[in-house]
Amino acid sequence: MSPTTSRSDEKVLEGDPEKQSPRDGASVIGVRAETQDVYDEEESGVDPVYQAKARILNDAFQEIGMGKYQWYLFVVAGFGWFSDNLWPIVTGLILSPVVNEFSFQGPFLKLGQNIGLLVGAAFWGVASDVWGRRWCFNITLFITGIFAVAAGGSPNSVALCSLAAVWSVGVGGNLPVDSAVFLEFIPASHQYLLTVLSIWWAFGQLVGSLVAWPLIANYSCASAADCPRGSNEGWRYFLYAMGGLMLLLFVLRFFVFHLYESPKYLMGRGRDAEAVEVVQHVARYNGTTCSLTLEMLTEAGALAVGGGKDAHVDASVRAAVLRKVRKFSGEHVKSLFATKKLAYSTTLLIVVWALIGLAFPLYNGFVTYFLATRGADFGDGSVYITYRNQVILSVIGVPGALLAGWMVEIPYIGRKGTLAISTGKSALHLPSLPTTARTSDALLGWNCGYTFTSNVMYGVLYAVSPELFPTKDRGTGNAIVASANRIFGIMAPIIALYANLATAAPIYVSGALFLVAGFVVLLLPFEPRGKASM
């Protein structure tokens, strides 16, 4: 037993490297561990050769265990979660001073951001399936950092909104790519860590709030009546600081940590030898060994098509060109709907992401203005109270992420139960706001409850989706659900531009959307708990 193999891994390790595989129906030399797939062959629509080889790779990572490489990856992949929550917070925190300086309608900044997030989610997810995970994983933070720093020098609202859209193209690609990368390097026994990664989401909100506190509070003009650039530099300093932080995180990802290309991506592209080499590199990095060989993958693929050891891959120039062309076809999308059950699962995931994509910004964008118009007392209105409450809400998200990681492994609850419960609880917090949140403390209390449950919800949502997509189409699947989320998210600032913000209707609608999303989650046909993603 290697020192990196956890106690939970011992349940799946086999003593004899040569075993009869009940899944393949033939005698195969396999690695010294076995995992259970998240779905069966007839349910997945996945190519049988790919599925047979993916099982071998899953078993190989289970044999290696959770080691040093995966824990470092937990940190650098967490930068994506950090960025994903930081930048919506950034636009919210700079909104008041930039509106005072440029005298424009604030929702246009959010609209530009959401359009960029949509483009990023759609582009980077598909790009990671076409060109590989490694470059997409590294470049998203660089794009965010460069254009955020540039946005700090914006001369007007048009430049700021445009640059916010461009930096958001980088932000939008983080979770579709980063979740795929992390999931494809960890053993099945530790897939719950994909949920725990949402702790970085809470850290993003916390860091943004703490950095903004001294900068915006001390270097912002009091009102729009007299707000020249010279007395309103705080939001610019804030963008320089956060953009610089993104560039630092990019340096850590690209120059300090060496990310190998995903073995499952390589295998799906017919580069089995490179896939085996990467697995062996990870094993050596962890100070252990792995029994995986190229012959195991070759034999597994041959048996899957019934061709024995004589089966081969067409390596002609024509076949190579056709494979390249197919990368840009709709194959990755079609694969997500290949069987009735997989199509049902994919459709429900899209619906859940879309509903939450509208409910979350709809609530955040309307609640403060609604309460203000109803005469709610927000305390003394001081900068201290404002940022104190923001920091408290940020801290509340940390235990929410940890609770999510624990709940998803509870039998009979799992991913689906945790997501349904947290989404339903988020919904139940909202209807009470219009009638009970009449003071600053009451508003803080309700928001703490909502923030806690919504962090649990997002932690599971960001994990369960990539777990249910096959690796070769995971980036595309992540892109589709994230795009649905961003498309509906774009609707919130548009509603804010034209709707009557003085009614409670948007808050009630937000709660109803969360409630419906929680019900839809229960209809998902697959439960990934205790199973290996393909």
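> Summarise the overall build of the protein; cite the residues concerned and give the values.
Check the secondary structure of the protein and you find 22 helices and 2 strands. Put simply, the protein has 534 residues, and 59% of those count as buried. A separation of at least 24 residues holds for 83% of the contacts in the protein among residues at least 6 apart in sequence. Put simply, the protein shows about 20,700 Å² of open surface, and 65% of that area lies on carbon and sulfur atoms.

> Please set out the pattern of salt bridges residue by residue, giving values where relevant.
If you walk through the whole model with that rule in mind, you get 11 salt bridges. For Glu-184, the salt bridge goes to Arg-133, with nearest N and O atoms at 2.8 Å. Note that Glu-184 is positioned in the loop between helix 7 (174–183) and helix 8 (193–196) and Arg-133 in helix 5 (residues 133–151), a separation of 51 residues in sequence. Taking the shortest distance from any N to any O, the salt bridge between Glu-467 and Arg-415 comes out at 2.9 Å.

> Tell me about the environment of Ile-490, and please be specific about residues and values.
Tracing the backbone shows Ile-490 in helix 21 (residues 471–498). Spatially, the C-alpha atom of Ile-490 lies 8.2 Å from that of Lys-110, the residues being 380 residues apart in sequence. Non-local contacts of Ile-490, meaning those with residues more than four positions away in its chain, are made with Leu-111, Asn-114, Ile-115 and Leu-118.

> Lay out the packing of aromatic side chains with the relevant residues and their values.
Two descriptors summarise a pair of aromatic rings, namely the distance from one centre to the other and the angle between the planes of the rings. The final tally for this structure, using the stated rule, is 28 aromatic pairs. The interplanar angle of 80 degrees and the centroid separation of 6.2 Å between the aromatic rings of Tyr-72 and Tyr-285 together place this pair among those described as edge-to-face. Residue Tyr-72 is found in helix 3 (residues 68–102), and its partner Tyr-285 is found in helix 12 (residues 272–285); the two are separated by 213 residues along the sequence. Three or more aromatic residues joined by ring pairs form one cluster here, namely Phe-61, Tyr-69, Tyr-72, Phe-185, Phe-257, Tyr-260 and Tyr-285. Of note, Arg-134 hangs over the ring of Trp-135, and the distance from its end group to the ring centre comes to 5.9 Å.

> Tell me about unusual backbone geometry, and name the residues and values.
Residue Ser-103 is not a glycine yet carries a positive backbone phi of 55 degrees. Assignment of secondary structure puts Ser-103 in the loop between helix 3 and helix 4 (107–130). Positive phi outside glycine occurs at Tyr-412, with the angle close to 70 degrees. Here Tyr-412 shows up in the loop between helix 17 (383–407) and helix 18 (414–429). Of the residues examined, Tyr-412 reaches a relative accessible area of 86% and is grouped as exposed.

> Please set out the packing of helix 5 against helix 10 (residues 234–256) residue by residue, giving values where relevant.
To describe two helices that pack against each other, one gives the angle between their axes and the distance between the axes. It is at 7 Å that the axes of helix 5 and helix 10 come closest, and there the two elements cross at 160 degrees. Taken together, the axes of helix 5 and helix 10 lie roughly antiparallel to each other. The two elements helix 5 and helix 10 meet at a crossing, and its hand is left-handed. Contacts from Trp-135, Phe-137, Asn-138, Thr-140, Leu-141, Phe-142, Thr-144, Gly-145, Ile-146, Ala-148, Val-149 and Ala-151 in helix 5 reach Trp-235, Leu-239, Tyr-240, Gly-243, Gly-244, Met-246, Leu-247, Leu-249, Phe-250, Arg-253 and Phe-254 in helix 10. When the residues that make up the contact of helix 5 with helix 10 are grouped by side-chain class, the tally is 16 nonpolar, 6 polar and 1 charged.

> Could you give an account of helix 20 (residues 440–467), with specific residues and numbers?
The end-to-end C-alpha distance of helix 20 is 40 Å, a good match for the 40 Å that 28 residues give at a rise of 1.5 Å each. With 23 of its 28 residues buried, helix 20 lies for the most part within the structure.

> Talk me through the nonpolar core; I want residue IDs and the actual numbers.
Inside soluble globular proteins, nonpolar side chains tend to come together where they are buried. Judged by nonpolar contacts, the single largest core of 125 residues is most densely connected at Trp-87, Phe-185 and Leu-292. It is helix 3 that provides the largest number of residues to this core, a total of 16 residues.

> Account for the environment of Val-276, with residues named and values stated.
With respect to the secondary-structure elements, Val-276 resides in helix 12. In the structure, Val-276 is positioned 14 residues away from Cys-290 in sequence and 9.8 Å away in space, judged by C-alpha atoms. Among residues more than four places away in sequence, those in contact with Val-276 are Leu-292, Thr-293, Leu-294 and Leu-297.

> Residues and numbers for the packing of helix 3 against helix 4, please.
The contact between helix 3 and helix 4 brings their axes to 10 Å, and the two run at 155 degrees. Here helix 3 lies roughly antiparallel to helix 4, going by the angle between them. In terms of crossing hand, the pair formed by helix 3 and helix 4 is right-handed. Together, Trp-87, Pro-88, Thr-91, Gly-92, Ile-94, Leu-95 and Val-98 of helix 3 and Leu-109, Lys-110 and Gln-113 of helix 4 make up the contact between the two elements. Classifying every residue of the contact of helix 3 with helix 4 by side-chain character gives 6 nonpolar, 3 polar and 1 charged.

> Mind laying out the environment of Glu-409, listing which residues take part and the relevant values?
For Glu-409, the location among the structural elements is in the loop between helix 17 and helix 18. Residues Glu-409 and His-190 lie 219 residues apart in sequence; the distance between their C-alpha atoms is 10.0 Å. Sequence-distant contacts of Glu-409, that is, excluding residues within four places in its chain, are made with Tyr-192, Arg-415 and Arg-529. A distance of 2.6 Å separates a polar atom in the side chain of Glu-409 from a polar atom in the side chain of Arg-415.

> Kindly report on a nonpolar patch on the surface, identifying the contributing residues and their values.
A cluster of nonpolar side chains, namely Leu-248, Val-251, Leu-252, Phe-255 and Val-256, defines an oily patch on the protein surface of about 470 Å² accessible area. Note on placement: Leu-248 falls in helix 10.

> For helix 22 (residues 505–521), give the residues involved together with the corresponding values.
For helix 22, spanning 17 residues, the distance from its first C-alpha to its last is 24 Å, which sits close to the expected 24 Å at 1.5 Å a residue. The complete set of buried residues in helix 22 reads Pro-506, Ile-507, Ser-510, Gly-511, Leu-513, Phe-514, Ala-517, Gly-518, Val-520 and Val-521.

> Outline the confidence of the model for the protein, supporting the account with residue identities and numerical values.
When pLDDT is averaged across the protein, the result is 80; 79% of the residues are at 70 or more. Per-element confidence in the protein ranges from a low mean pLDDT of 39 for strand 1 (residues 18–21) to a high of 96 for helix 10. Low pLDDT (under 50) marks residues 1–29, which in the prediction has 60 contacts with non-local residues, meaning those over four places away or in another chain. Of the regions scoring below 50 in pLDDT, residues 308–325 engages in 8 contacts with residues more than four places distant in sequence or in other chains.

Cut-offs applied
Residues numbered from 1 in each chain as written. Predicted model: local features only at pLDDT ≥ 70, side-chain atom pairs only at ≥ 80, totals over all residues. Heavy atoms only, no water. Helix = DSSP H or I, 4+ residues; strand = E, 2+ residues; numbered from the N terminus. Buried < 20%, exposed > 50% of the residue type's maximum accessible area, 1.4 Å probe, protein only. Contact = heavy atoms within 4.5 Å. Areas by Shrake-Rupley, 256 points an atom, 1.4 Å probe, with all protein chains shown as cover. Salt bridge = Lys/Arg side-chain N within 4 Å of Asp/Glu carboxyl O. Phe/Tyr/Trp six-rings, centres within 6.5 Å; stacked < 30°, edge-to-face > 60°. Lys NZ or Arg CZ within 6 Å of the ring centre and 35° of its normal. Axes fitted to C-alpha atoms, helices over the stretch in contact; angles between N-to-C directions. Parallel < 35°, antiparallel > 145°, perpendicular 65-115°, else oblique. Left-handed = near helix turned anticlockwise from the far one by under 90°. Nonpolar A, V, L, I, M, F, W, Y, C, P; charged D, E, K, R; others polar. Expected span 1.5 Å × (residues − 1). Core = buried A, V, L, I, M, F, W, Y, C linked by side-chain atoms within 4.5 Å. Polar contact = N/O pair within 3.5 Å; in protein donor to acceptor, adjacent residues only side chain to side chain. Patch = residues over 30% accessible without salt bridge, like charges linked within 9 Å, V, L, I, M, F, W, Y side chains within 5 Å. pLDDT = per-residue confidence, 0-100.

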